[in-house]
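# Survey of secondary and tertiary structure
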Amino acid sequence: GLITYKFQLVDTEANKLVGDSDLSVSHEKKLHLVVYDSSLNEFQHIHPEFNGSSWSVSAHFSVNGDYWVWAQGELAADGTEFSTSTKLNVSGGVVAWPTPPGLADMRSGQSGVSKVNLSLNKVSAGKMTMLDLSMTRTDGSTPQLTPYMGAFAHIIATPEDGDSLIHVHPVSAGPAKGMLHATFPSAGVYRLWVQFIDAGNLIVIPLSVKVF
């Protein structure tokens, strides 16, 4: 169900709490929270608000299991970008998805009539990879794309063990086409969640990419 998730951010170097005045706006928000379960089926990208002492956000947990919660932002003082995580166990709901994920390379997916394709080029660990992204609709109509939080699309990637995060903003390469540059640090299969807005609706499509 829907819960209010509250937390504090601590700057361990300065040994102080981090509030909204300590952060710069990055992609139209002060703080980004990325939440997914260890099966890599459940996914949320949400935006907490600061109330003077702690951050809080409405989060939706429909399935039991262990969840990763990542906070991402940029310090106003020196522009340092940070990603920090914690884990959360959810119980009392629907039975958890099976783990480990067991992903296979899957470069296309759809949600409703919106479809996304990633180019099939081989991806090598530790090297900058360029992948083409294209959005179509299964009914043959033209996607009506508008920016999602200041970007053509957002892509969040994690390896199968879920313990690291890559957040990529593809650049537009023409109508309903984009290009993403990303470096995947190690070999294995990565889950990619592609987020974009088509006809005013936020679309989230899971893909997966095998890295050699």
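Just above, that's the structure.
Residues numbered from 1 in each chain as written. Predicted model: local features only at pLDDT ≥ 70, side-chain atom pairs only at ≥ 80, totals over all residues. Heavy atoms only, no water.

### Focus on the overall build of the protein chain
Put simply, the rule reads: Only runs of H or I of at least four residues qualify as helices and only runs of E of at least two qualify as strands under DSSP, and these elements are numbered from the N terminus. Type-normalised accessible area, obtained with a 1.4 Å probe on protein chains alone, sets the label of each residue: buried when under 20%, exposed when over 50%, and partly exposed for intermediate values. Residues scored as positive are Lys and Arg, those scored as negative are Asp and Glu, and His as well as the terminal groups of each chain are ignored. Charged groups are reduced to one reference atom each: NZ for lysine, CZ for arginine, CG for aspartic acid, CD for glutamic acid.
Helix and strand counts for the protein chain stand at zero helices and 19 strands. Dimensions of the protein chain along its principal axes, counting C-alpha atoms only, are 50 × 40 × 35 Å. For the protein chain, buried positions account for 45% of its 212 residues. Side chains of the protein chain carry 13 positive and 19 negative charges; the gap between the two charge centres is 7 Å.

### A few points about the sheet that holds strand β7 (residues 55-60)
Convention followed: Paired strands, as defined in this entry, are two strands with at least two bridges between them according to DSSP.
Spatial strand order, β1-β7-β6: three strands in an open sheet with antiparallel pairing. Each edge of the sheet is formed by a strand with only one pairing partner; in this case those strands are β1 (2-7) and β6 (49-50). Pairing between β1 and β7: six bridges, direction antiparallel. Bridging from a neighbouring strand, Y5 pairs with V57 of β7.

### Thoughts on the sheet that holds strand β8 (residues 65-74)
The condition is simple: Helix axes are fitted only over the stretch in contact, all axes being lines through C-alpha atoms; the angle between N-to-C directions runs from 0 to 180 degrees.
Taken together, four strands build an open sheet; the order of strands is β5-β4-β8-β9 and the sheet is antiparallel. Whereas interior strands pair on both sides, the edge strands pair on one side only; in this sheet they are β5 (43-46) and β9 (81-90). On average, each strand axis in the sheet is tilted by 15° relative to the strand beside it, whichever way the strands run. For strand β4 (residues 31-37) and β5, the ladder comprises four bridges, and the chain directions are antiparallel. In the sheet register, V34 faces β5, and the bridge partner there is H45.

### With respect to the environment of I166
Selection rule: Throughout, a residue-residue contact means that at least one pair of heavy atoms, one from each residue, lies within 4.5 Å.
Relative to the helices and strands, I166 is located in strand β15 (residues 166-168). Along the sequence, I166 and F184 sit 18 residues apart, while their C-alpha atoms lie 8.0 Å from each other. For I166, the contacting residues outside a window of four places in its chain are I155, I156, A157, T183, F184, P185 and Y190.

### Notes on the nonpolar core
Heads up, the rule is: Think of a nonpolar core as a cluster: buried Ala, Val, Leu, Ile, Met, Phe, Trp, Tyr and Cys residues, connected wherever their side-chain atoms sit within 4.5 Å.
Ranked by internal contacts, the top residues of the largest apolar core, which has 25 residues, are V116, L118, L133, M135, F184, L192 and F196. Breaking this core down by element, the ones donating at least two residues are β11 (114-118), β12 (128-137), β14 (154-159), β15, β17 (177-183), β18 (188-198) and β19 (201-211). Here this core takes five residues from β19, the largest share from any one element. Residues within four places of L192 in sequence aside, it is in contact with L118, I155, I156, A157, F184, I205, P206, L207, S208 and V209. L31, W55, V63 and A71 belong to the second-largest nonpolar core, a separate cluster that totals 19 residues.

### Some remarks on the environment of L17
Along the chain, the position of L17 falls in strand β3 (residues 16-18). Classification of L17 by relative accessible area gives partly exposed; the value is 42%. On a C-alpha basis, the gap between L17 and S54 in space is 8.7 Å, while along the polypeptide they are 37 residues apart.

### Examining unusual backbone geometry
Residue P100 is bonded to the preceding T99 through a cis peptide linkage, with omega at -5°. Positionally, P100 belongs in the loop between β9 and β10 (108-111). Phi is positive for N15, which is not a glycine, with a value near 55°. Mapped onto the elements of the fold, N15 is located in the loop between β2 (9-11) and β3. With a relative accessible area of 63%, N15 lands in the exposed category. Even without being a glycine, A176 presents a positive backbone phi close to 60°. Within the secondary structure, A176 is located in the loop between β16 (171-172) and β17.

What is shown is where atoms sit, not what they do.
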